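# Coordinate inspection notes
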Amino acid sequence: MVHRFTVHAPSVGQLSVFIHSCHTLTVSETVMARQPGEAIWSADAAADDGDTYWFVADGVGPLLDPDAMDVAMTPDGPRSMVRTRWPKHGPLGSLHHDPIVYELHVRGFGTTFTGCIERLAYLADLGINVIEIMPVHPFDSSDNYWGYMPLVWGAVHQPYAAGDDAPAELASLVEAAHSHGIEVWLDVVFNHTGEGDPTRPTLSLRGLDEANAYLHRADGTYNDDSGCGNVSNPADANIQQLVLTALDRFADLGIDGFRFDLASLLTRDGGGLVDQITAWGTQRGVRLIAEAWDLAAYQVGQWPTPWLQWNDRFRDDIRGFVRGETGKVEAAIQRVQGSPDLFHAAPGSSVNFLTAHDGLTMHDLTVLTSDHHHSWDCGSELRLQQLKNYFTMLLLSAGTPMFVMGDEFGRTQDGLDNPYDIDSEVTWVDWSRLDEWAELHSYVQATLRLRRDHPPNDFRFFGAASAPDISLQSRSLAWSAGGLYVMANFWWEPVQFEFQEAGPWVEALSTAVSHATLVAPRSMVVWRRQI
């Protein structure tokens, strides 16, 4: 059939498209043309679905189509693939009032999209109602595992498919998740591309429109506020169109929410692209989540509703509080009630997390002593107790809680905090640990049930026996919220607490053996008001 190929390349003088037929295995070249003064080149050529193609611009190539719907990983490198049909699946519909987010990596969690489907019943039983999938844009897996170096934005990474149709298999995963009442969020990376800095191979945009596609500093070098070699230019109309087209494709697969990697970089145009994304998200009825920082900007708390925002202050302050650091009680009061000091303009926007893909797993926070990570090797005798403390603080705080695949049964990465390029047992979920850490798994499940029954709201804070002690050496705090009374003692000696709200109270959870309100060292007790 005849297929129309188009590409944006305003400064190129000559451009051809090369097509490799999946039937005859031959390669044909078609010279592309454009109207004078126009930026879009086009050509009509015989091509079928499954044929691969690439551009050569002023002798530079092969170049991927930045708007490709499919990318094949061939022995000669990545190639765009002709695709004329895109699967569609409806969204979940009514989004959850209290999302509980489980961040996962397709290969590390289930090997393929199909493999992930087999674990959905487990997640639903645990109490998860959102999975946040790390990037599925096509990427070069020879030197990257996480997937944060996208080759193009609007296609799906073929190696994540068990068969030969990655978008269809992702749509099937979404459909299966919806059948379990689980929303699917997707981590998207529009702030940079996998071309990296100019020392790396030219793969796509650099060969088609380098001057406009990427941000440059005054001396002509690339802006690298992403830390990945380049920053895409959010003010460029072609970049904006590529972003919105990619979002539409993923939303058509039924994706319910999008977490934007280094989202602050998308505001380098003054906010025009983010305004377009916000309007688009409202129109499509999907959630929008910002990682609102980069190497040169920090915007946590500054994004408007309806955006949710990753809260790294929750991570650092609560890790420090649980570790027993000095001067953390006042900060803990803010974090537990949803960080109103940060989100006063957008209450309820905080995505609370203690772990994410980058950094230590929750288990490894208890085996490595590091001031940078606010972690502490507490020893084997305290490890389970500390992990229960982490989950109690996370799951009983106001905001949207998130944790990483396998945290609920002690997944370890052997203390590695940045295994972005490691594809091995180190970064895969070891499901055999589920039996070894069954007590932790059951505790997380029970804490999630408690949260559902007692949504964290209407907070009132206390000290052990009076007002909160926010002095430098204080390490204890109590609060009531949603019909629960929580006592937290991160001192290394028992602390006697007193109830400062009318009960009667019955114990619901404890992270160590305590004697009524004499709370054991480095532990928590949660009480439920008896009705």
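These notes cover the structure that comes with them.

What counts and how
Note on numbering: residues in each chain are counted from 1, in written sequence order. Predicted model: local features are reported for residues with pLDDT of at least 70 only, side-chain atom pairs are reported and counted for 80 or more only, and whole-chain, interface and lining totals are derived from all residues. Values shown for side chains rest on all heavy atoms present in the structure; no hydrogens or waters enter the calculation. Under the scheme used here, helices are H or I runs from DSSP no shorter than 4 residues and strands are E runs no shorter than 2 residues, and both carry numbers assigned from the N terminus. In this description the radius of gyration comes from C-alpha coordinates, and the expected globular size is given by 2.2 Å times residues to the power 0.38. Three exposure classes are used, based on accessible area relative to the maximum for each residue type with a 1.4 Å probe and protein chains only: buried under 20%, partly exposed in between, and exposed over 50%. Here, residues are in contact when the closest pair of their heavy atoms is within 4.5 Å. Accessible areas in this description were obtained via Shrake-Rupley with a 1.4 Å probe; residue shielding takes into account the shown protein chains only. Here Asp and Glu are counted as negative and Lys and Arg as positive; His is not counted, and neither are the chain ends. Throughout, a charge is located at the NZ atom of Lys, the CZ atom of Arg, the CG atom of Asp or the CD atom of Glu. Every case where a carboxyl oxygen of Asp or Glu lies within 4 Å of a side-chain nitrogen of Lys or Arg is listed as a salt bridge. Side-chain rings of Phe, Tyr and Trp, where Trp is taken by its six-membered ring, are said to pair if the distance between their centres is within 6.5 Å; with planes under 30 degrees apart they count as stacked, over 60 as edge-to-face, and otherwise as tilted. Only strands that DSSP links by at least two bridges are regarded as paired with each other. Note on geometry: axes are lines fitted to C-alpha atoms, helical ones only across the stretch in contact, with angles between N-to-C directions running from 0 to 180 degrees. We call a set of buried Ala, Val, Leu, Ile, Met, Phe, Trp, Tyr and Cys residues a nonpolar core when their side-chain atoms join them within 4.5 Å. Polar contact is defined as a pair of N or O atoms within 3.5 Å, subject to the rule that within protein one atom must be able to donate a hydrogen and the other to accept it, and that residues adjacent in sequence are counted only when both atoms are side-chain atoms.

The number of helices and strands found in the protein is 12 helices and 23 strands. Taken over C-alpha atoms, the radius of gyration comes to 25 Å for the protein, in line with the 24 Å a tight globule of 531 residues would show. If you line up the protein on its principal axes, its C-alpha atoms span 80 × 45 × 40 Å. A burial count over the protein gives 60% of its 531 residues as buried. Counting contacts in the protein only where the partners sit at least 6 residues apart, residues at least 24 apart contribute 68% of the total. Of the roughly 20100 Å² of accessible surface on the protein, a fraction of 51% belongs to carbon and sulfur atoms. Averaged over its 34 positive side-chain charges, the protein has a centre that lies 5 Å from the centre of its 69 negative ones.

What follows is about the pattern of salt bridges. Any two side chains of opposite charge can pair, so long as their charged atoms come close to each other. Applying the stated rule across the entire model yields 28 salt bridges. When the shortest N-O distance is used, the salt bridge between Asp67 and Arg249 registers 3.2 Å. Separated by 182 residues along the polypeptide, Asp67 in the loop between β6 (60–63) and β7 (71–74) and Arg249 in helix α6 (residues 237–252) bring together distant segments of the chain. Judged by relative accessible area, which is 33%, Asp67 ranks as partly exposed. You can call Arg249 buried: its relative accessible area is 11%. Among the salt bridges present, the one from Asp98 reaches Arg451, with a minimum N-O distance of 2.8 Å. Of this pair, Asp98 sits in the loop between β8 (77–81) and β9 (101–104) while Arg451 sits in helix α12 (residues 438–453), and the two are 353 residues apart along the sequence. The exposure class assigned to Arg451 is buried, which follows from its relative accessible area of 2%. Where salt bridges share partners, they join Asp187, Arg259, Asp261 and Glu291 into one cluster.

Moving on, we get to the packing of aromatic side chains. This model, assessed by the stated rule, comprises 30 aromatic pairs. Between Tyr122 and Trp431, the ring centres sit 5.4 Å apart and the planes meet at 90 degrees, which makes this aromatic pair edge-to-face. Of the two residues, Tyr122 sits in helix α3 (residues 120–126) while Trp431 sits in the loop between β16 (400–404) and α11 (433–436), which places them 309 residues apart along the sequence. By relative accessible area, Tyr122 is classed as buried at 16%. Seen in terms of ring centroids, Tyr485 and Phe499 are 5.2 Å apart; in terms of plane orientation they differ by 75 degrees. Their pairing is edge-to-face. Pair noted here: Tyr485 is in strand β19 (residues 484–489) and Phe499 is in the loop between β20 (495–496) and β21 (505–510), with a separation of 14 residues, a long-range link. You can call Tyr485 buried: its relative accessible area is 0%.

Here we come to the sheet that holds strand β23 (residues 523–529). Judged by pairing direction, the sheet is antiparallel, and its five strands sit side by side in the order β17-β18-β19-β23-β21 without closing on themselves. Each edge of the open sheet carries a strand with a single partner, namely β17 (460–462) and β21. Taking each pair of neighbouring strands and ignoring which way they run, the sheet shows an average axis angle of 20 degrees. Of the pairings in the sheet, the one linking β21 to β23 comprises five bridges and is antiparallel in character. By the bridge assignment for β23, Glu507 is matched with Trp527. Helix α9 (residues 329–336) contacts β17 and β18 (476–481) of the sheet and is inclined by roughly 20 degrees relative to β18. Contacts between helix α10 (residues 380–395) and the sheet are confined to β18 and β23, with β23 contributing the most and set at about 45 degrees to the helix.

With that out of the way, let us pick up the nonpolar core. Counting 125 residues, the largest nonpolar core has Tyr102, Val136, Phe258, Phe260, Ile277, Phe403 and Trp479 as its most contacted members. A per-element tally of this core places α6 first, with eight residues. If near-sequence neighbours (up to four positions away) are discounted, Ile277 is found in contact with Val243, Leu244, Leu247, Phe260, Leu266, Leu288 and Trp307. Membership of the second largest hydrophobic core comes to 24 residues, among which are Phe5, Leu15, Tyr53 and Leu63.

In this section: the side chain of Glu408. When you line up the elements, Glu408 lands in the loop between β16 and α11. Here Glu408 occupies a buried position and makes no salt bridge, while the nearest side chain of opposite charge, Arg411, is found at 7.6 Å. Within the local environment of Glu408, its side chain forms a polar contact with the side chain of Tyr122, the two groups lying 2.5 Å apart. With residues up to four places along the chain from it excluded, the contact list for Glu408 reads Tyr102, Tyr122, Leu126, Phe391, Phe403, Trp437, Leu440, His441 and Val444.

In short, shape yes, function no, at least from these values alone.
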